[in-house]
Amino acid sequence: MNPIMTSLILSSLALGTVITLTSYHWLLAWIGLELNTLAIIPIIAKQHHPRGTEATTKYFLTQAAASAMLLFSSTINAWSTGTWDITQLTSQPACIMLTMALSMKLGLAPLHFWLPEVLQGTSLKTALIITTWQKLAPMALLFLTQHALNPATLLTMGLLSTLIGGWGGLNQTQTRKIMAFSSIAHLGWMATILTISPTIMILNLVLYLLMTISTFTVLMFTTSKTIKDLTTTWTISPTLSSLTLILLMSLGGLPPLTGFMPKWLILQELTSHNLPSLATILAMSALLSLFFYLRLSYTTALTLPPTTTQNKLKWRFYPKQKTTMFSTTLVLSTLLLPTTPLFL
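Residues numbered from 1 in each chain as written. Predicted model: local features only at pLDDT ≥ 70, side-chain atom pairs only at ≥ 80, totals over all residues. Heavy atoms only, no water.

Caption draft 1: Main features of unusual backbone geometry. Following A109, the chain continues to P110 via a peptide bond in cis, the omega torsion being 0 degrees. Within the secondary structure, P110 sits in the loop between α4 (92-106) and α5 (114-120). Phi is positive for T223, close to 40 degrees, though the residue is something other than glycine. Classification of T223 by relative accessible area gives partly exposed; the value is 47%. One non-glycine residue, N274, lies in positive phi territory at about 65 degrees. Within the secondary structure, N274 sits in the loop between α14 (260-272) and α15 (276-301). (Helix = DSSP H or I, 4+ residues; strand = E, 2+ residues; numbered from the N terminus. Buried < 20%, exposed > 50% of the residue type's maximum accessible area, 1.4 Å probe, protein only.)

Shown next as structure tokens:
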């Protein structure tokens, strides 16, 4: 793609999210979301391949439907209250419709079907943008309107998402689809805690972004699109394969790693709000996700590929990408647990 066009599209993508994050008027928030959607479409369709085209079409249709629903809900609210202020959301039908629209934008179950399919049709870099940057604007709107949203709806969708995110990832061999189901499960945890403690939701979102960025960077560094590709990680960098194992355990939420922090805080908060059964089901659903992370880490660090290479290591060319961001996010994704008291 032409460098000028690339910079224009990426700046539009950034601008769309920033407009939504800083808006107080529903129309302004909707404009930001639309700009965001329209900017990422050429990025997904960039690889001229039927899969890319299919992914673009699916993404466009779901996002357009969600945007239309969001505009409709804000219009209903403005009709009944006489204000377009985002924080003045009082109409019950508008609240339910807004929850559904933002859930569709994020990929929360049961409106999650587009996410694995779209990620599978894109490159790893684009998949990284969709699972991280594209979640910021809808999450900001959920955060702004959390006082008006129906807790029962969000708790149900959150629970469904964690279960589907766990079940869906069990049978996958494609790393992008596994990351999509991982994203659905993480968003489920965030949706569950949103109405109870919004600050923990923000903390969870930040840690999810860190862990997802570092995982995708590992996949890009080793150009691994399937689990089978991950088996040759040790030939590229033995250190990287060991670090990937620790990173995947952090994603699964095992102590004493960073990923344990949000799960611990969320379960504690749910229990203190007299929701022990919900906390138990959430903790059990985390085991499903942990299983496929264990499967990934087993193939990455604990096995040799089926056909062992004749030479000990691959040709070690200079890495295609800088390792600064990768090493920074990897350290933060694994070693932040001792800092938990600072966030309470």
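Now that the structure has been shown, the text picks up again.
Caption draft 2: Highlighting the environment of N36. Structurally, the position occupied by N36 is in helix α2 (residues 26-45). For N36 and T17, which are 19 residues apart along the polypeptide, the C-alpha to C-alpha distance reads 6.3 Å. Apart from the residues within four sequence positions on either side, N36 is in contact with L13, G16, T17, W133 and Q134. A polar contact of 2.5 Å, which involves the side chain of N36, links it to the side chain of T17. In terms of polar contacts, N36 uses its side chain to reach the side chain of Q134, at 2.7 Å. (Contact = heavy atoms within 4.5 Å. Polar contact = N/O pair within 3.5 Å; in protein donor to acceptor, adjacent residues only side chain to side chain.)

Caption draft 3: Fine view of helix α1 (residues 3-22). Taking 1.5 Å per residue, 20 residues should reach 28 Å; α1 reaches 28 Å between its end C-alpha atoms and fits that length. Within the sequence span of α1, burial applies to I9, L13, G16, T17 and T20. In an axial view of α1, the angular spread of the buried residues amounts to 85 degrees, which keeps them on one side of the axis. Set apart from the buried face of α1 by more than 90 degrees, the exposed residues are P3, I4 and T22. (Expected span 1.5 Å × (residues − 1). Arc of directions from axis to C-beta.)

Caption draft 4: Focus on the packing of helix α6 (residues 124-131) against helix α10 (residues 198-221). In contact at an axis separation of 10 Å, α6 and α10 are set at 175 degrees when each is read in the N-to-C sense. The angle between α6 and α10 falls in the class roughly antiparallel. Facing α6, whose interface residues are L124, K125, A127, L128 and T131, α10 presents Y208, T212, I213, F216, L219 and M220. Taken together, the residues that form the contact of α6 with α10 break down as eight nonpolar, two polar and one charged. (Axes fitted to C-alpha atoms, helices over the stretch in contact; angles between N-to-C directions. Parallel < 35°, antiparallel > 145°, perpendicular 65-115°, else oblique. Nonpolar A, V, L, I, M, F, W, Y, C, P; charged D, E, K, R; others polar.)

Caption draft 5: Just the side chain of T162, in detail. Tracing the backbone shows T162 in helix α8 (residues 151-170). For T162, a relative accessible area of 1% gives the class buried. Excluding residues that lie within four positions of it along the chain, T162 makes contacts with A185, G188, W189, L282 and S285.

Caption draft 6: Spatial organisation of the packing of α4 against α8. For the pair α4 and α8, the least separation of the axes is 10 Å and the interaxial angle reads 25 degrees. Of the possible angle classes, the one that applies to α4 and α8 is roughly parallel. Considering the relative orientation of α4 and α8, their crossing is right-handed. When α4 is examined against α8, the residues I96, T99, M100 and S103 are found in contact with a partner set consisting of T153, L154 and M157. (Left-handed = near helix turned anticlockwise from the far one by under 90°.)

Caption draft 7: How the structure looks around the environment of I43. Within the fold, I43 resides in helix α2. Along the chain, I43 and T239 lie 196 residues apart, while their C-alpha atoms are 32 Å from each other. Beyond its immediate stretch of four places on either side in the chain, I43 contacts I9, L10, L13 and T126.

Caption draft 8: The arrangement of the domain arrangement of the protein chain in detail. Along its sequence, the protein chain is carved into domain 1 (1-97 + 108-138) and domain 2 (150-307 + 320-343). Computed over C-alpha atoms only, the centres of domain 1 and domain 2 are separated by 23 Å. Of the residues lining the interface, 22 residues belong to domain 1; the matching set on domain 2 comes to 25 residues. Of all residues in domain 1, the largest losses of buried area upon contact with domain 2 belong to L108, Q120 and L124, amounting jointly to 31% of the total for that side. (Domains from an automatic or database assignment. Buried area = accessible area lost by both parts, 1.4 Å probe.)

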